[in-house]
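Each chain, letter by letter, is given below.
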Amino acid sequence: MSRLTACIDAVKAANRKVLIPYLVAGDPDADTTVALMHQLVSDGADVIELGMPFSDPSSDGAIIQLGAERALRQGTGLHTVFGIVSSFRKTNHTTPIVLMGYLNPLEAIGYDSFVTQAADAGADGILIVDLPVSEAQSLLALTRPRNLDMIFLVAPTTTESRLDAICENSSGYIYYVSLKGVTGAAIIDTGEISERVSALRQRTMLPIVVGFGIKDTASANAMAAISDGVIVGSALVQKIGELTDSGKRDGAAIAGSTALIKQIRQSLDA
Amino acid sequence: MSALETVVPGAAPGTVPDTIASTGQDQFSGPDVHGHFGQYGGVFVGETLMAAVEELDRVYRKLSKEPSFWQAFDHDMKHYVGRPSPLYYAERLSKQFGGAKIVLKREDLNHTGAHKINNTIGQALLAKYMGKPRIIAETGAGQHGVASATVAARLGLECHVYMGAEDVQRQSANVYRMKLMGANVIPVTSGSRTLKDALNEALRDWATNVDNTYYIIGTVAGPHPYPMLVRDFQAIIGREARAQSLQEYGRLPDALVACVGGGSNAIGLFHPFLRDSDVAIYGVEAGGDGVETGRHAAPLSAGKPGVLHGNRTYVMSDANGQIMETHSVSAGLDYPGVGPEHAWLKDIGRANYVSVTDTEALDAFRMLCRLEGIIPALESAHGLAYACKLAATMRPDQFIVVNLSGRGDKDIHTVAKIDGITV
């Protein structure tokens, strides 16, 4: 069993909801990212999605694109991302890390090299936004032997025929996209999502977590009530952007930038 | 009916073009059902867009086999666009080089001044059939934006055009043309503020408004089925050129030359000739300051395979896989990727891809103005510059067909600025 599956099983067994914050590797710099990750764990994160910055993030909204641009200005590359994971793993052996990003950086270094380095560094899962299941077989053939989970998105527009292929090839969890749009968008229709998540439950035993547009305790509670947990990305990246602008990197400033995650944890557990 | 039309093989009004009717017979009838040209092409988009892309593929595969669809297309090509476009022997230009005849396929004479309208007419028919009231488009030089605004106005569709903020500045006349026709032009300020960023923003809009929106991609890139269907609409260029060559010269050309940004005018000219193995094919990329300087927009010449904007193809990216900024005097060629079918044609050796610099393109631009009284688009001037070099190496009894893909009215401010003149 992968570390990711074991972790989520334990959270569910304790009758809690999974909380997954997303941050961009290298935003504002590699050392601060590692500090932010440890802070997120102490705030109550169960899993961390670590964004691999890309110059052309066409599925993301403006907030995450700006985060990626800040990271790229620091020269962040995949070697930086693997370095951040290794560094985090020096003291944390339990919190699963999912690397999330776009395909071209993997194409540039080669899938084999990517999978080897990701696994060696201590990553647990991979989510490539612009890699649909139909094009993912060659990557899946490399991730399975290394016990890396491949996470795929399910969107409100996903057709029945695609759902089966996605469920069949996914492991770890299913990432349900709450809305039609990009990350950080505004409007969430709880009723429709609830129906879709229930339909997904008929097809898979995998945990289902909801992301896109979760920005506060209210939206987190609403989504957690109908799923196994929530992903919080843009709202956190926005706060990290403010941290960058402030120029401060001390413990208090870092804890301040992740306060939202702590609030959401407390709210989910209440 | 004109003499020209009568000889266009397989393209009598209302018949399915033979390039589409011949299914799955040889290596040139691609892509496969998954949209692959060899290892290139495919579908690489976020899950939210997958259903829309698959629906478009289903609709196009069905409609493209129906003669009535092509009847509507051919009708608009003749009566609205003004096709067929002439094949014109540029005699004075050719004589400068003392070699092969340089013959221009005059796409610059189309309504809206470029080949882009061929594609937007076709895709507008698809949007209408699919019942989408809202269209979006990305544009670089503004030609595709204008062509999209044009068909939207004609069909009464809402139209939003994404354009890099830098391109909005350097192509202000086209911005105004789009606005005159009722389109909403949205300047894109993210990233490098050029065509690739406009494409990102259009993809985001599409994901957000996927239920009521049709995305008219302007080139043979993007996820499958776009590279296939844009090619099929643009292939009218090559079908006409082939028939016109046979009629006027009694044989096929010795070589074809076209500029390649995303590559739609080039694939449109090349595709109907792919099986004619004696016809040499040259795609000309934007060399900018020179490929060796790194400041260029020539992914086939100096890039490597990767994934960008929905397909696998040659891209300009750094060692970390980040997409690099491109440089070209021509906004329409200023793009770090290229259509996947070109990537495949390069690998199998059926087409040759070369580059010319900004300076060479500007020289060709001026030469065509002075010798032939034709102001070409700076994009097309890249093809022309290479054709001039190529002609000099060939015999006078040979001929080259160059796709003069657009007219240069939109570029006069750019050229004047280089000359230090305020227009």
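Note on numbering: residues in each chain are counted from 1, in written sequence order. Chain A is the first chain written and ligand 1 is the first ligand written, with later ones labelled in order. Restriction of local features to residues with pLDDT of at least 70 applies here, the model being predicted, together with a cutoff of 80 or more for giving and counting side-chain atom pairs; totals for whole chains, interfaces and linings are based on all residues. The basis for every side-chain value is the complete set of heavy atoms in the structure, and neither hydrogens nor water enter the calculation.

Side note on the layout of surface pockets
The gaps left among the atoms become clear once a water-sized probe is rolled over them. Threshold: Any residue with an atom within 4 Å of a point lines the site, the site being either a cavity, points on a 1 Å grid over the protein atoms alone where a 1.4 Å probe fits but cannot get out, or a pocket, an open set with protein on both sides within 12 Å along at least 5 of 7 lines. Grid points are joined across faces, edges and corners, and a volume is the space filled by probe spheres set on the points. Each helix corresponds to a stretch of at least 4 residues labelled H or I by DSSP, and each strand to a stretch of at least 2 residues labelled E; elements are numbered beginning at the N terminus. Side-chain classes follow a simple rule in which Ala, Val, Leu, Ile, Met, Phe, Trp, Tyr, Cys and Pro form the nonpolar group, Asp, Glu, Lys and Arg form the charged group, and the remainder, Gly included, forms the polar group.
In this structure, the largest pocket encloses a volume near 480 Å³. Around the largest pocket, the lining comprises 23 residues; the ones closest to its centre are B:Glu166, B:Arg170, B:Ser328, B:Val329 and B:Thr414. Every element with two or more residues in the lining of the largest pocket is listed here: α8 (165-170), α9 (172-180) and α18 (412-418) of chain B. No other element matches α18(B), which puts four residues into the lining of the largest pocket. When its residues are assigned to classes, the lining of the largest pocket shows three nonpolar, 11 polar and nine charged. For the second largest pocket, the calculated volume is near 350 Å³. Looking at the second largest pocket, it is lined by 17 residues, and the ones nearest its centre are A:Ser134, A:Arg162, B:His34, B:Met50 and B:Glu54. Those elements giving two or more residues to the lining of the second largest pocket turn out to be α8 (160-169) of chain A together with α3 (47-63) of chain B. Per element, the largest residue contribution to the lining of the second largest pocket is five residues, and it comes from α3(B). When its residues are assigned to classes, the lining of the second largest pocket shows seven nonpolar, five polar and five charged.

Brief notes about the interface of chain A and chain B
Here is the rule: Residue contacts follow a heavy-atom distance rule, with two residues in contact if any of their heavy atoms lie within 4.5 Å. Buried area: the accessible surface (1.4 Å probe) lost by two parts on joining, summed over both. When a carboxyl oxygen of Asp or Glu lies within 4 Å of a side-chain nitrogen of Lys or Arg, that pair is called a salt bridge.
Opposite the 41 residues of chain A that make contact, chain B presents 35 residues. Summing the contributions of chain A and of chain B, the shared interface buries around 2800 Å²; its carbon and sulfur component is 46%. Per-residue buried area on chain A facing chain B is highest for A:Asp56, A:Asn104 and A:Glu135; these three make up 20% of the total on that side. Applying the counting rule to chain A against chain B returns five salt bridges.

So, helix α10 (residues 217-225) of chain A
All names here are of chain A. Rules: With a 1.4 Å probe rolled over the protein chains alone, any residue whose accessible area is under 20% of its type maximum counts as buried; one over 50% counts as exposed, and the rest are partly exposed. Each C-beta atom gives one direction from the helix axis, and the arc is the one those directions make.
Within α10, burial applies to Ser 219, Ala 220, Met 223 and Ala 224. Burial along α10 is one-sided: seen end-on, the buried residues are contained in an arc of 125 degrees. When the buried face of α10 is taken as reference, the exposed residues oriented beyond 90 degrees from it are Ala 218 and Ala 225. Buried residues along α10 sit against α9 (190-201), β8 (208-211), β9 (229-232) and α13 (259-269).

Details of the sheet that holds strand β12 (residues 304-308) of chain B
The pairing of strands in a sheet comes from backbone hydrogen bonds and takes either a parallel or an antiparallel form. All names here are of chain B. Short version of the rule: For two strands to pair, DSSP has to find at least two bridges joining them.
One open sheet holds the four strands; their spatial order is β1-β2-β13-β12, and the pairing between them is antiparallel. Unpaired on one side and paired on the other, β1 (36-37) and β12 mark the two borders of the sheet. One ladder, built from five bridges, connects β12 with strand β13 (residues 310-315); its direction is antiparallel. Among the inter-strand pairings, Pro 305 is bridged to a residue of β13, identified as Tyr 314.

Points about the sheet that holds strand β6 (residues 158-164) of chain B
Residue and element names in this part refer to chain B. Inclusion rule: Orientation is described by axes fitted as lines to C-alpha atoms, over the contacting stretch for helices, and by angles from 0 to 180 degrees between their N-to-C directions.
Taken together, the four strands give an open sheet; going across it, the order is β7-β6-β5-β8, and neighbouring strands pair in parallel fashion. Two strands close off the open sheet at either side, each with one partner strand: β7 (184-188) and β8 (213-216). Averaged over neighbouring strand pairs, the angle between their axes works out to 25 degrees when direction is ignored. Strands β5 (134-139), β6, β7 and β8 of the sheet are contacted by helix α10 (residues 195-208), whose axis makes an angle of about 160 degrees with β5.

A short note on the nonpolar core
This is how the line gets drawn: Here, nonpolar core means buried Ala, Val, Leu, Ile, Met, Phe, Trp, Tyr and Cys residues that are tied together by side-chain atoms lying within 4.5 Å of each other.
Ranked by internal contacts, the top residues of the largest apolar core, which has 121 residues, are A:Tyr173, A:Tyr175, B:Leu126, B:Trp206, B:Tyr214, B:Tyr215 and B:Leu269. Here the element with the most residues in this core is α3(B); it accounts for eight residues. Residues in contact with B:Leu269, not counting those within four places in the same chain, are B:Ile237, B:Gly238, B:Ala241, B:Leu256, B:Val257, B:Ala258, B:Val401 and B:Asn403. Of all hydrophobic cores here, the second largest spans 68 residues; its members include A:Ile97, A:Leu163, A:Val197 and A:Leu243.

Note that all results are geometric; they support no functional claim without further evidence.
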